[in-house]
Structures are given as structure tokens and as C-alpha cells.
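# Summary of structural features
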Amino acid sequence: MAFSLNKIMLIGRLGKDAETRFTTNNVSVTNYTMATDYSYKGKNGDWVSETTWHNIVSFNLSDYFKDNLKKGKKFYVEGRLSKRDYTDKDGVKRYSTEVITDKIIPLEPSSESSTSEEETTNIEPAVSNDNDDLPF
């Protein structure tokens, strides 16, 4: 098998407060959006800024993150890109590209925290990464 890599690292601000729900197996799934900006000089020499919105999904987050993933807060997220499709309630097939996080680091102090310590999480995968079944 050829080498491949699926890794994404983002620094940006959250577009809305995170929403957490639980699967039937009691795994917490937290969804939120993050905006990143890209600036370049346009044809006329003026700076142009473009914003890209990313859908972020985190599994099994600590209560710290569930409480602090708030609109406008700046975070570093690291993970992998995942594309999925689904059928909406009107029967239309939809596609979604998401970042499944492995690591989250807050880049601003928590409003509820009086310490300057940064909380970091390495997220446990929702599915086992047991490589015993791999043929190589």
C-alpha cells in the first residue's frame, strides 16, 4: 500500500457555540464551526480577505471543552478531513466535509478560569484503531 496522509491543522474563531449530543452507545459528539481567513493582494493592489468556514466534529470531549467552545473564541484544532453523504428529510442527497479532531488547544484564556494554564486535549477516537485486523 502506498503512503498516504490525511491531516489538517487550523487556527480560527468559532462561528457559534458548540452543540453536544450523544449516540445510542453514549458517545458524545460535539459539533461547531470555525472560520479561518486568507489574505492576498488583489489585481488592483488592495488587500483582499477571504473567510473559509469549516465544520468541526469532536468525540468524547471533556466538560472543559464542552463549556468553553463558544462563539468568537480562538482555537487550534488538528485532525483529519472526512466526507460523508446523507439524505435529508426531503429525500435530497447531501454531502458534508468535516474536520474530525484529534487535538484541540484553546488560544485564549477561559473566562471561567482564573489560571493561565492552557488546557489541551488529545481526543480518544470514537472507533477503535485496533490494527490487529490489518493484512500488512
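Residues numbered from 1 in each chain as written. Predicted model: local features only at pLDDT ≥ 70, side-chain atom pairs only at ≥ 80, totals over all residues. Heavy atoms only, no water.

Glancing now at the nonpolar core. Considering soluble globular proteins, one finds that nonpolar side chains tend to be buried as a cluster. The biggest cluster of nonpolar side chains holds 14 residues, and the ones touching the most others in it are Tyr32 and Leu69. When contributions to this core are tallied by element, the ones reaching two or more residues are β1 (8-14), β3 (28-41), β5 (74-87) and β6 (93-106). Ranked by the residues each element gives to this core, the list is headed by β1, at 3 residues. Beyond its immediate sequence surroundings of up to four residues, Tyr32 is in contact with Leu14, Lys16, Ala18, His54, Asn55, Ile56, Ser58, Leu69, Val77, Thr101 and Ile104. (Core = buried A, V, L, I, M, F, W, Y, C linked by side-chain atoms within 4.5 Å. Buried < 20%, exposed > 50% of the residue type's maximum accessible area, 1.4 Å probe, protein only. Helix = DSSP H or I, 4+ residues; strand = E, 2+ residues; numbered from the N terminus. Contact = heavy atoms within 4.5 Å.)

Moving on, we come to unusual backbone geometry. One non-glycine residue, Asn26, lies in positive phi territory at about 65°. Tracing the backbone shows Asn26 in the loop between β2 (19-22) and β3. Even without being a glycine, Asn60 presents a positive backbone phi close to 55°. Its location among the elements puts Asn60 in the loop between β4 (47-59) and α1 (63-68). Exposure remark for Asn60: the relative accessible area of 35% places this residue in the partly exposed category.

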